[in-house]
Amino acid sequence: MHAVLQRRSWKGYNAYRVIAARIPIFWPILPLLYVWPIPEIGKYIYRRVADSRTCSLIKAEIPETKKRNFQVPIYSQALTVIVVSLIIGNSLLGLTERTAGWPLACYPTFSEISGPKVKILEVVPLSGTGALLTFDLKDFKKKMGPVKFNSLAKYVFYPTKNTKSTIEKELHVSSFWQAISSNYPTLQQVKSVQFYDTRLWSDPEKRSENPVARSLIYELKL
């Protein structure tokens, strides 16, 4: 098997690799064809297949030559270490669902695909007269980062184990609110904050019926 491009030529496994670079359907696996030990395995398979071909021509005798000791190039070893480290690192992060790690992170996990209804945390700040003070919670989520915000809210309001004392719960909710209010000067006059567990339709055709359900999970007095 030979491949020719202008004045350059390739044969055997290398020819298949050059041809794969010209066929878009093979592009996703093309980098793997250069990672050791795949080239050596490919050359071995090609040699076995080529030698098993039958031909009516008389095979000329070729004097045996000593096999050279093959040494893996240093750059191939380094590339192999990097690729294997990335695969192992992402696999471990996937098992532990670490979506906000650095320098590696497993994202997205697809473990929480939205169904017909979604659950959100609704924050309602109230003044001393009971008037609603509006602010853009989505803007704060964007500043903090959606993953970090959702993880913090889950830790404060939806713990996996009900081990928090009343004082500890109030301290965590108060710290959570301070992180929000410090970004909005208009919220300094808030006297109480209500946190709701709100269920919404995810279907755009049913969003006019939102909220589906709304329950108060905590009220913080300031």
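Within any chain, residue numbers begin from 1 and follow the written order of that chain's sequence. Totals for whole chains, interfaces and linings use every residue, but because this is a predicted model, local features are given only for residues with pLDDT of at least 70 and side-chain atom pairs only at 80 or more, for both listing and counting. Side-chain figures throughout are based on the complete set of non-hydrogen atoms in the structure, without hydrogens or water.

Another point: the overall build of the protein chain. A helix here means a DSSP run of H or I that spans at least four residues, while a strand means a run of E at least two residues long, and both kinds are numbered starting from the N terminus. For the protein chain, the count of helices and strands is 6 helices and 5 strands. In the protein chain, the succession of helices and strands from N to C terminus is β-β-α-α-α-β-α-α-α-β-β. Using a 1.4 Å probe on the protein chains alone, a residue whose accessible area is under 20% of its type maximum counts as buried, one over 50% counts as exposed, and one in between counts as partly exposed. The proportion of buried residues among the 222 residues of the protein chain is 26%. Should any heavy atoms of two residues lie within 4.5 Å, those residues are considered in contact. Across the protein chain, every contact between residues at least 6 apart in sequence was considered, and the portion connecting residues at least 24 apart equals 53%.

It is worth spelling out the pattern of salt bridges at this point. A side-chain nitrogen of Lys or Arg and a carboxyl oxygen of Asp or Glu constitute a salt bridge if their distance falls within 4 Å. Counted under the stated rule, the structure contains 4 salt bridges. Two residues, Glu122 and Arg214, come together in a salt bridge whose shortest N-O distance is 2.9 Å. Of the two residues, Glu122 is situated in strand β3 (residues 117-126) and Arg214 in strand β5 (residues 213-221); the sequence distance between them amounts to 92 residues. Salt-bridge contacts for Lys221 lead to Glu219; the nearest nitrogen and oxygen are separated by 3.1 Å.

Take unusual backbone geometry next. Here the amide bond leading from Trp36 into Pro37 is cis, since omega sits at 15°, within 30 degrees of zero. Along the chain, the position of Pro37 falls in the loop between α1 (13-20) and α2 (38-51). The amide bond that connects Asn210 to the next residue, Pro211, takes the cis arrangement and shows omega of -5°. As for its position among the elements, Pro211 is in the loop between β4 (192-201) and β5.

Our next topic: the side chain of Ser127. Of note, Ser127 is situated in the loop between β3 and α4 (137-144). Judged by relative accessible area, which is 13%, Ser127 ranks as buried. Here the side chain of Ser127 touches Thr129 through a polar contact of 3.1 Å, side chain to side chain. Among residues more than four places away in sequence, those in contact with Ser127 are Leu133, Gln189 and Lys191. Counted as a polar contact is a pair of N or O atoms within 3.5 Å, where, for protein atoms, one must be capable of donating a hydrogen and the other of accepting one, and residues adjacent in sequence contribute only when both atoms are in side chains.

Soluble, globular proteins show a tendency: their nonpolar side chains are buried together. Joining through side-chain atoms within 4.5 Å is the link that ties buried Ala, Val, Leu, Ile, Met, Phe, Trp, Tyr and Cys residues into a set, and such a set is a nonpolar core. Counting 21 residues, the largest nonpolar core has Val123, Phe157, Phe176, Trp177, Ile180 and Phe195 as its most contacted members. If sequence neighbours within four positions are ignored, Phe195 has contacts with Leu121, Glu122, Val123, Phe157, Val173, Phe176, Trp177, Ser215, Leu216, Ile217, Tyr218 and Leu220.

So, about the pairing of strand β1 (residues 2-5). Regular strands place their side chains on alternate faces of the sheet. Alignment of β1 against strand β2 (residues 8-11), held across 4 bridges, turns out to be antiparallel. Along β2, the bridge assignment pairs Leu5 with Arg8. Between β1 and β2, which follow one another and run antiparallel, lie 2 residues, and Gln6 among them has a positive phi close to 55°. At least two bridges found by DSSP between two strands is the condition for calling them paired.

What follows is about the side chain of Lys169. The residue Lys169 is located in helix α6 (residues 166-181) in this model. In this tally, Lys and Arg are treated as positive and Asp and Glu as negative; His is ignored, and so are the chain termini. Despite its burial, Lys169 remains without a salt bridge, the nearest opposite charge being carried by Glu168 at 10 Å. Reaching out from Lys169, the side chain makes a polar contact with the backbone oxygen of Val156 at a distance of 2.9 Å.

Next up on the list: the sheet that holds β3. The sheet built from 3 strands is open, its strands ordered β3-β4-β5 with antiparallel pairing. Since the sheet does not close on itself, it has two edges, and those belong to β3 and β5, each with one partner. Ignoring strand direction, the axes of neighbouring strands in this sheet form an average angle of 20°. Judged from the 8 bridges that link them, β4 and β5 form a sheet pairing that is antiparallel. Paired with Thr198 across the two strands is Arg214, which belongs to β5. Axis lines are fitted through C-alpha atoms, for helices just across the contact stretch, and the angle between N-to-C directions can take any value from 0 to 180 degrees.

Right, let's get into the packing of helix α5 (residues 146-157) against α6. Packed helices, taken two at a time, are described by the angle their axes make and the gap between the axes. Axis separation between α5 and α6 bottoms out at 9 Å; the angle between their running directions is 155°. Overall, the two elements α5 and α6 adopt an arrangement that is roughly antiparallel. Seen along the crossing, α5 lies across α6 with a hand that is left-handed. From α5, Phe149, Leu152, Ala153, Tyr155, Val156 and Phe157 reach across to α6, where they touch Lys169, His172, Val173 and Phe176. For classification purposes, an angle smaller than 35 degrees is called roughly parallel, one larger than 145 roughly antiparallel, one from 65 to 115 roughly perpendicular, and anything else oblique. Rotating anticlockwise by less than a right angle from the far helix to the near helix defines a left-handed crossing, while the corresponding clockwise rotation defines a right-handed one.

In the predicted model, the protein chain carries a mean pLDDT of 80, and 82% of its residues have values of at least 70. Within a predicted model, pLDDT stands for the predictor's per-residue confidence, ranging from 0 to 100. By mean pLDDT, the top-scoring element of the protein chain is β4 (91), and the lowest-scoring one is helix α3 (residues 74-96) (78).

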